[in-house]
Amino acid sequence: MAKVPQERLLWLQQETFGEDALVKVQRGTTLTFKLSPSLHGVKIKIFTNYIKRAFERSEYHELDLSDDHFDEETFADITVEKPGSYNYYFVAIDKTLDRLGGGWFLVDPDLETINGSLCLDSISMITYMAKCLGEFNGWEGRLSVAKEIGYNFIHFTPVQSLGGSGSGYSILNQLEPNPVFGNVSWSDMKSFITRMQKEWGVLSLCDIVLNHTANESPWLKDHPEAAYNLQSSQHLIPAYLLDRLLVNISNEVADGNWTSRGVPDTLISEEHLNNLRVILHEQIRKLRLEEFYLISVADCRLDSPINETTIKVSHTYSRFGSKVGGNTPRWKVEELNEATRALINNHLNAAVENVIAGIRYERIEEGGPKYPKVTKAQPLTHRYFAEILGIDESKDILPEPDSTTAQFVMAHNGWVMNDDPLRNFADADSNVYLRRELIAWSDSIKLRYGTSYEASPFLWAYMRQYVELVASIFHGIRLDNCHSTPLHVAEYLIDAARAVRPELLVVAELFTNSDAKDNVFVNHLGINVLIREAQQAWNSHEQGRLLFRYGGKPVGAFENTTPPAVADALFFDQTHDNPSPLEKRCVKDVLPTAALVSFGACAVGSNRGYDDIVPHHIHVVKESRLYTSFSQNPKSAGEVNFDSGIFLARRTLNKIHFKLGQGGYSETYIDQLDDDVVSITRSNPLTRESMVLVAYTAFNSSLSEFKRASYSIRAVEIQGEIQNIVFEGRLLPKETKFEENETFLTGIECNLEWQEDVSIDKSQFVNVLKGNRYNQIQFVNFQPGDVVAFRVRPFHSTIIALQNLSSFLHSNDMLETVSKLSLVTLNYIIFRCKEEEGGVYAIPNHGELVYAGLQGIASVLETVSLNNELGHPICCNLRDGRWLMDYIVLRLLAREDTKELGEYIQKLFHNVAELPNYLVPTYFEQCFRKVYNLCVTHALSVMGCERRGEFFNLLAITSLQFMGIAEGGYLPAAGDEFSFIVDGNPFIAHSMAAGLPHFSTGYMRNWGRDTFIALPGLLLLTRRYVEAKHYILSYASVLRHGLIPNLMNQGNCRYNCRDATWWWLYSIVKYLELVPDGSRILDERVKMSGQVYKLQDIIHLSIQTHFEGIKFREENAGTKIDAHMKDVGFDIEIHVDPTTGLIYGGNSFNCGTWMDKMGSSEGAGNRGIPSTPRDGAAVEIIGLAAAVLRKLALMNEYEHKYVENTKLNQKLSYLDWYSAIQKNFEPLFYISSTSSDSLLNLRNIYKDTVGASNNFGDFQLRPNFLIAMVVAPELFNPVNALAALEIAKEKLVSSLGVKTLDKSDWNYNGNYYNVDSSDYKSAGGFNYHQGPEWVWPMGFYLRARLRFSGADGMLETKQILSKHYEHLKSNPWRSLPELTNRDGVFCSASCSAQAWSCGTILEVLHELEKLDT
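Chains are numbered independently. Their residues run from 1 in the order of the written sequence. Where local features are concerned, this predicted model is filtered to residues with pLDDT of at least 70; where side-chain atom pairs are given and counted, the filter is 80 or more; whole-chain, interface and lining totals use all residues. Each side-chain value is derived from all of the structure's non-hydrogen atoms; neither hydrogens nor water enter the calculation.

**Some words on the packing of aromatic side chains**
Applicable threshold: Only the six-membered ring of Trp is used, alongside the rings of Phe and Tyr, when aromatic pairs are assigned; centres must lie within 6.5 Å, and planes under 30 degrees apart are stacked while those over 60 apart are edge-to-face, with the rest tilted. By the criterion adopted, a ring carries a charge over it if an Arg CZ or a Lys NZ lies within 6 Å of its centre and within 35 degrees of its normal.
As enumerated under the stated definition, the model contains 66 aromatic pairs in all. Taken together, the aromatic side chains of Trp-1063, Tyr-1066, Trp-1154, Tyr-1312, Tyr-1328, Trp-1334, Trp-1336, Phe-1340 and Trp-1396 make up a single cluster linked through ring pairs. Arg-99 extends its terminal NZ or CZ atom over the ring of Tyr-60, reaching a point 5.3 Å from the ring centre.

In C-alpha cells form, the structure reads like this:
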C-alpha cells in the first residue's frame, strides 16, 4: 500500500520527558513540535539528535522556532527521512541549561524485497535454530521450506561457534561461524542471505547475544576483566562461598551422606525438602557470611560524638572489613552491625527457600521435569559460578581476591523473575546471587561492561566487531535477553549496527511486565518490534485479548486518535523457547492458533517445527537433529512437501497476512463467540472491505475427540455482503503412532482438509442467512480445530453513503450556510446550558451533557475520539440508535435562523445512519467535527480573532457562551423610536448571562456589575461593538437615583449596589478608547423615565447625583426582594467627601460591592448579617471613579466638566475631583512599614476600604486594590505598588484565581460549599468572599503586574495563565469558572462558566499582545 505523507503534532510538556511514551512515525512524516499550555510564557530552545547525516547519539542541534502570533503558536518542524530512534529536549532561554522536558520518536526501516517495500504488519517470520541447519550446502533445501510456504522473513539463532553445552545461545567465539556448517566463510553466508532476498523475496535476521558468552570462550582467559569475577566484583564473594557450599551438599546427597538425616539421593516428597531445609540452614550458618558485611569495633572510640551525616558504611568483603565514616562511637557501630546481621540473615533465609523451590519444581511438582536421582551431572541446584581454570579442591575454598585464581572465578548469567530490567542484577547494589534468585545458565558467563568503554575496552571493541559483522550479513538483528542488557551498552552496539546497515530491523526479546518500561527500551534502542507469544495465553479469551492488544486499531476507530502506547509486536504462534503446542494444548489447536495469529494486524511469526507438527519441544540446548528439506516428491524422512503438516494452510495464511498488511487492513475486531470459538475481523478503513476469520480453538486436550452441535455456537452477524469463503479447513491426526527420527526433526502424520475460494453454498461449515441490514453466518458441523474465513464488502447502500460522506468531508459545501449565521444564532447552535434550554441530551450510563448545543457533544467526543474510547457510552448510544443525531437535527429545525443548517445536517446524518452500526461513531465524529469547526471558525472570523492564537480564541469563543436569548432574562429597549437590531434579533431579547448554570435565566441572569466587568473583554476585544453599545444604552435607560441596577429582569430592577454604576461608566471609557469613532456613543439618544436624553447627559446625571449625595430606600423593601436582609439594610446612602474626593457609602447591614454575600442561616446566627459589608470608601470604586473622571475631563466631545451640590453650595470640576483623589489616595489607603494602628495585620499593603463601620475591615488584605492599580495606576507610588504586589503574590495568588481574603485573617475559610450548618463563618455560604479563590480578580492582578513589574511581570503572567489555558482546553464547559476552593480545588457550588472570569483574562491576553509587539 502506497505511503501517504503524514504529519504528527508533538506537544512539548514541562517536566515530561517521554522516555516511557511511544511516538512511532513512518518515513517522510513531518513532526511539528508545539508548546503546550504548561509552557505558556516560557521562551525555549529545542534540540534533537535527529540529523540527516551520520547519526551520533550525543550530538544535538537546535531546531528553528517559528513564532506565529503568540506564545502558544510557537512551533518547530522537521521531516524525518532516516530510520532509527531519536531524542529531543528543550530548555528555557536565559535560564540554566537543565532540560525542561523532551521526548523520543521512532522511525521504522524500509525493508526492500523483490515484492517491494515490506511493511512491519506484513512480516511473516519463521525461526530456524541455526545449529539444526547442518552443512552449509544443505541450507538451501532446508530454508526453502520457508520460501515455499510463504514466509518472507527468516530468523536465525546465533550462527557463531557454540560452547560445550551445545546451547544455541552460548557462543564460544563471536567472530567465527559454527563449525557444524562445514567449511563456510562469512562472505559465503552473506552471499546466500543476499540471494534469498533477491531471488526468494525473503529477508533474514540473526540474534545478537550481548549479556554472556560460553564458559569455554578462549578470550575470557586473556581478558577476565570482561566478566564478573571475584577480583573485579568482590561483592560476589559471599555468594560464591554459598554456591560452593551448595555444590558440596549436592555431592554429599548424591553420595548418600545425608540419608540418615532424611535426605535420600532421590527426593520425592515435601518431607525430604523439609529435612533438606534444616540441613541447609545448619551448614550455611557455619559459613558466617554476615562477617563479610560487618564493621570491626576494635578501633572504635567508646564516647565519640555522633554525626549522622558521616555514617556511610563501605564494604571490602573481607571478614569484619567494612568501614564506617567519621568518628562513629562503638555503640553506633554495634547498632549498625546488628541491623546488618538481620539483613543478611533475611537474605540467606530467602536463599534457602529459593533453593528448595527450585528443587521442588525439578523433582516433585507435576509439570516439572521430575529429575530422578541427585548426581553430579544432575545436582540439586545449578551453579552460579564457574572456575574457568578449574580449582584445586585441596586448597582453601576461597581464593584471595588479589590472586590470579580469583579473577577466573566468574559469575554465570541467567534470568531473574520480576526483576527491574533497568537494574543490573550482578552489580554491588543487588543481592540476587546471595539470595539465589537467579535462574542460572550454567554454561554461560555474564559479561561485565562497566559504565563506559574505558571500563573494559577489549569487551566493548570485541562485541562491536561482532555486532557489526552480524549487521553486515543480515537485514535485522534480534536482541536476545534484552531485559538484562545494560541500556548504555545496547545503545552503543545497536548504533554501531545501524551505522553498518541503516535500514536495520531491530527485534527484541523483552519481558518487563510493563508497557512503560518496554517503551524505555524501545526508545533508547530503536526497537521496531517486540516478541510476543500466543503460547502464553491460557485460553481462547486470553489469546483473543493478545490479538486485540497487538493487532492495530479497533474496527471503526476514530480518525484522529492518540496512537497506543503499546510497542509494536512480532506475535508468534510458537517461539523456539515454547514447548510444542501438542505438549501444552492439543493437535487440533495447531491450525486455529496459526490462523488467528496470521490474522493479527502486526508482524507475526512461527517456529520451524510448528507447521511440521513436531510433537515435542525442539530444545535450544539438547537438540542436534536436522530440519527437513523441501521437495515436490519426498523420498525420505528428511524431505517434506505441501502434503506435510499444515504446509498448504500456512501458505494461504501467509499470503493473506501479507495482503492484509500491505493492503491497509489496519483495523481489527475480536468477537468471542463462546469459550472456545473466536472471530477476528480485519478491515480496511478506506474501502471498508473486510476479511473475517472464525476459529474453533482447542486449548484443552479433551477437545481432541469432542463433537459439538454447531447450532449451539452463536451466529456471526456480518453488516456487509459476504463475497465468498476465502478458505476453510480442519486438521485430523492419523491413528499411526509417532516415532522420532534419529536424524531429522519430523512431525506427526495428519490429514489436512483444506479448500480455498469456496462459494457459500459449497461450505462444509456454514450457512448464510441473508437480511436487509446484515447477513448471518450460521455454523454447521463446526468442530474443535476448524477454521473458516470470509471476504466481505460493504452493502451497496453503505458504499453510496460512504461516497456521500467523503464528498462532504472533502468539500466546503456547508460554508455558505454557516456564513449566514449570526453570533447570537451561534450561541444557540453551540452552547446554551440546561437552565437556558430547558433540558439537555442525556447519554445513558454517562449523564447529561453540559450544553444543549454542539459544545456539549464536542466536549465529550473530543476526549473519546482522541483516546479511541469506542466503548464509551456516547459511542454505544450512537451505535444503538439515531437518538443523538435526531436530537441535533430537530433542535436546529425548530428555529427559523438554524433551519437551513439543520436540513443540511439532516441529510448528512442520513448517510451516517446508513452505515453499519460499528462505523457510526467514527463517521458521526468526522461529520460533527467538521460542522463544529466551521461554526467556531465562522464565529472567530466575525469577531476578527481568527489569527490571534489558540488561547485568545478559546477565550473569545466564551463570548458566545454568555450572549444569547433566554426566557426571563430580557433587557429593556433603550427607546421606542430606536430600531436597535443586533444580528437580526430584537435587542430586547439579547442579554449576557453572568454565569452558567446558576446565573443564566430569570432575574439571576442580568447583573449590572458582572455585565460591565466582563464587557471590555467579551465584547470590545471581540469587536462586538454594536452589542456593547446597546448594553451600555440599555442600562442607561434604567438609571435611577444615579445608579444602574444591580439586578435587572424585564425592567424590574434592584438598585442596591454602589459599584455597578462605576463599572458601567468605566466600560464607557473603554468603549471610547477601543472602538473606532467611539466618541459618537456620547450623543446616542436614550429614553429614560419617559424622556429622551443623550448618553453623555445620563452619564453626567449619574456622576452629578453621586456628588450631590444619594439617599433612598429600596422599592418594595422587605422579604419580597430579599428574604434575609434586615430592615436597615434596604436603606441606600452614598456621599462624596469633596476634600479627599473619596466616595463613601453603605452601612453595616448591606453589601453594596461585588462581595455581596448576605448571611442566611438562622441556626448559625448569621442571617441578615452581610459577610463583607465593605461600607465606607471601597478602594476599587475610588480607582474606577478616578479613571472615569480623568477620561471625561480631558475629552473635548464630552460636554460636562463640573458637578455641584446646591444644598452645600459646592462646585467642583471633574479634573479637580480627580486631582483630590490622586492627592489623597496614597496617604489614605497605603499601610506603610511604619504604620502602627492597633488593627494592623499586615504592612506594605493597600487598605480595602477607608472608613468602614467595623474598623478592622479597612485593614484586611483583599484583592480589590488590584482593580484600582489597573484602572488608575497613576494613583499609586510605584515602589509601594510593587511591595503590595509582592505581598499579594505571596498571600493571595493561587492557580486560577486569587484568594478573596488573606489566609492569616481570622475570618478566612477557603472552601465554599453553600450549605447550612452551625458554623457562623461558613453556614449558608457565608464565606463566599472570605477566602475562596475568584478568577476574575486574577485578571487585574496580572495586569497590575504587567503595569508595575516590567519584563518580570510578563514572565509571571504567562506562567500563571498557563493554568487558565489548560483549563479552557480540558474542562467540558470550555470556559473559566466563577471561583475555586482553596489551592485551586474544584468548587461544586461555583458556576462552571463565568462571564467576568473570561472577560478579565481576555484583557490580560490583549495587554500581553500589546507588550509583545
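**Considering the environment of Asn-953**
Operational definition: Secondary structure is summarised from DSSP: a helix means a run of H or I of at least four residues, a strand means a run of E of at least two, and numbering begins at the N terminus for each. Only protein chains enter the accessibility calculation, which uses a 1.4 Å probe; a residue is then buried when its area is under 20% of its type maximum, exposed when over 50%, and partly exposed in between. What makes two residues a contact is simply this: any of their non-hydrogen atoms within 4.5 Å.
Along the chain, Asn-953 turns up in helix 23 (residues 950-962). Take Asn-953: its relative accessible area is 12%, and that puts it in the buried class. With residues near it in sequence (within four places) discarded, Asn-953 still touches Leu-940, Cys-945, Glu-946 and Arg-948.

**Some thoughts on the packing of helix 24 (residues 1008-1020) against helix 33 (residues 1395-1412)**
This is how the line gets drawn: Axis definition: a line fitted to C-alpha atoms, over the contacting stretch in the case of helices. Angles run 0 to 180 degrees between N-to-C directions. For any pair of crossing helices, the crossing counts as left-handed if the nearer helix is rotated counterclockwise from the farther one by less than a right angle, and right-handed if it is rotated clockwise. Classification convention: Asp, Glu, Lys, Arg as charged; Ala, Val, Leu, Ile, Met, Phe, Trp, Tyr, Cys, Pro as nonpolar; all other residues, Gly among them, as polar.
The N-to-C vectors of helix 24 and helix 33 enclose an angle of 35°; their axes lie 7 Å apart at closest approach. Taken as a pair, helix 24 and helix 33 cross one another with a handedness that is left-handed. Contacts from Arg-1009, Asp-1010, Ile-1013, Ala-1014, Pro-1016, Gly-1017 and Leu-1018 of helix 24 reach helix 33 at Ala-1395, Trp-1396, Cys-1398, Gly-1399, Thr-1400, Leu-1402 and Glu-1403. Tallied by class, the residues present in the contact of helix 24 with helix 33 amount to eight nonpolar, three polar and three charged.

**Some details on the sheet that holds strand 46 (residues 1006-1007)**
Where we set the bar: Any two strands with at least two DSSP-identified bridges between them are counted as paired.
In space, the three strands of this open sheet follow the order 46-47-48, with antiparallel pairing throughout. At either margin of the open sheet sits one strand with a lone partner, and together these are strand 46 and strand 48 (1052-1054). Where strand 46 lies against strand 47 (residues 1047-1049), two bridges are found, and the strand directions are antiparallel. Directly across from Trp-1007, in strand 47, lies its bridge partner Leu-1047.

**Comments concerning the confidence of the model for the chain**
To keep it simple, the criterion reads: pLDDT runs from 0 to 100 and stands for how confident the predictor is about each residue.
Looking at the chain as a whole, its pLDDT mean stands at 92, while 95% of the residues score no less than 70. Across residues 975-988 the pLDDT falls below 50, and counting only partners more than four positions away or on other chains, this stretch makes 34 contacts in the model.

**Some remarks on helix 19 (residues 873-880)**
Those residues of helix 19 that fall on the buried side of the exposure criterion are Pro-873, Ile-874, Cys-875, Asn-877 and Leu-878. Taken together, the buried residues of helix 19 touch strand 39 (842-843), helix 18 (854-866), helix 20 (883-893) and helix 22 (920-942).

**Side note on the state of the cysteines**
Rules: Cysteine sulfur atoms are paired as a disulfide whenever they fall within 2.5 Å.
Counting across every chain of the model gives zero disulfides. Between Cys-586, a free cysteine, and Cys-750, which holds the nearest cysteine sulfur, the sulfur-to-sulfur gap is 11 Å. What makes Cys-586 buried here is its relative accessible area of 3%. Free of any disulfide, Cys-1057 has its nearest neighbouring cysteine sulfur in Cys-1151, separated by 10 Å. With a relative accessible area of 2%, Cys-1057 lands in the buried category.

**Some points on the nonpolar core**
Selection rule: For the purposes of this section, nonpolar cores are sets of buried Ala, Val, Leu, Ile, Met, Phe, Trp, Tyr and Cys residues that join through side-chain atoms within 4.5 Å.
Core analysis: the biggest nonpolar cluster contains 205 residues, and Phe-924, Trp-1064, Ile-1103 and Met-1269 have the highest contact counts within it. In terms of residues, this core owes the most to one element, helix 32 (residues 1336-1370), which gives 13 residues. Once residues within four sequence positions are removed from consideration, Phe-924 is found in contact with Ile-857, Leu-861, Leu-878, Leu-884, Met-885, Ile-888, Phe-909 and Val-912. Ranked by size, the runner-up nonpolar core spans 84 residues in total, among them Trp-139, Val-202, Tyr-449 and Val-520.

**Looking at the side chain of Thr-213**
Relative to the assigned elements, Thr-213 resides in strand 16 (residues 212-214). The contact partners of Thr-213, leaving out residues within four places of it in the chain, are Ile-171, Leu-172, Gln-174, Trp-219, Leu-220, Asp-443, Ser-444, Ile-445 and Leu-447.

**Considerations on the sheet that holds strand 7 (residues 84-92)**
Strand order in the open sheet formed by five strands is 2-8-7-4-5, with mixed pairing between adjacent strands. The two strands at the open ends of the sheet, each matched to only one other strand, are strand 2 (24-25) and strand 5 (61-62). Pairing of strand 7 with strand 8 (residues 101-107) involves seven bridges; the strand directions are antiparallel. By the bridge assignment, Ser-85 is partnered in strand 8 with Leu-106.

**Here's the deal with the pairing of strand 55 (residues 1202-1205)**
On strand 55, burial follows the alternation: Val-1203 and Asn-1205 on one face are buried, whereas Tyr-1202 and Glu-1204 on the facing-out side are not. In terms of strand pairing, strand 55 meets strand 56 (residues 1210-1213) through four bridges, oriented antiparallel. Bridged to Asn-1205 within strand 56 is Gln-1210. Counted between consecutive antiparallel strands, the loop separating strand 55 from strand 56 contains four residues, among which Asn-1209 sits at a positive phi close to 55°.

**Some points on helix 4 (residues 237-254)**
Residues separated by three or four positions in an α-helix point in the same direction, a consequence of the helix having 3.6 residues per turn. Put simply, the rule reads: Each residue after the first adds 1.5 Å to the expected span of a helix.
Here helix 4 is 18 residues long and its end C-alpha atoms lie 26 Å apart, about the 26 Å a rise of 1.5 Å per residue gives. Of all the 18 residues making up helix 4, 13 are buried; the element is thus mostly covered by neighbouring parts of the structure. Positive phi shows up at Gly-256, right after helix 4, with a value of about 80°.

**Quick look at the environment of Gly-1297**
Turning to its location among the elements, Gly-1297 is positioned in the loop between helix 31 (1278-1291) and strand 60 (1298-1299). Spatially, the C-alpha atom of Gly-1297 lies 3.9 Å from that of Val-1335, the residues being 38 residues apart in sequence.

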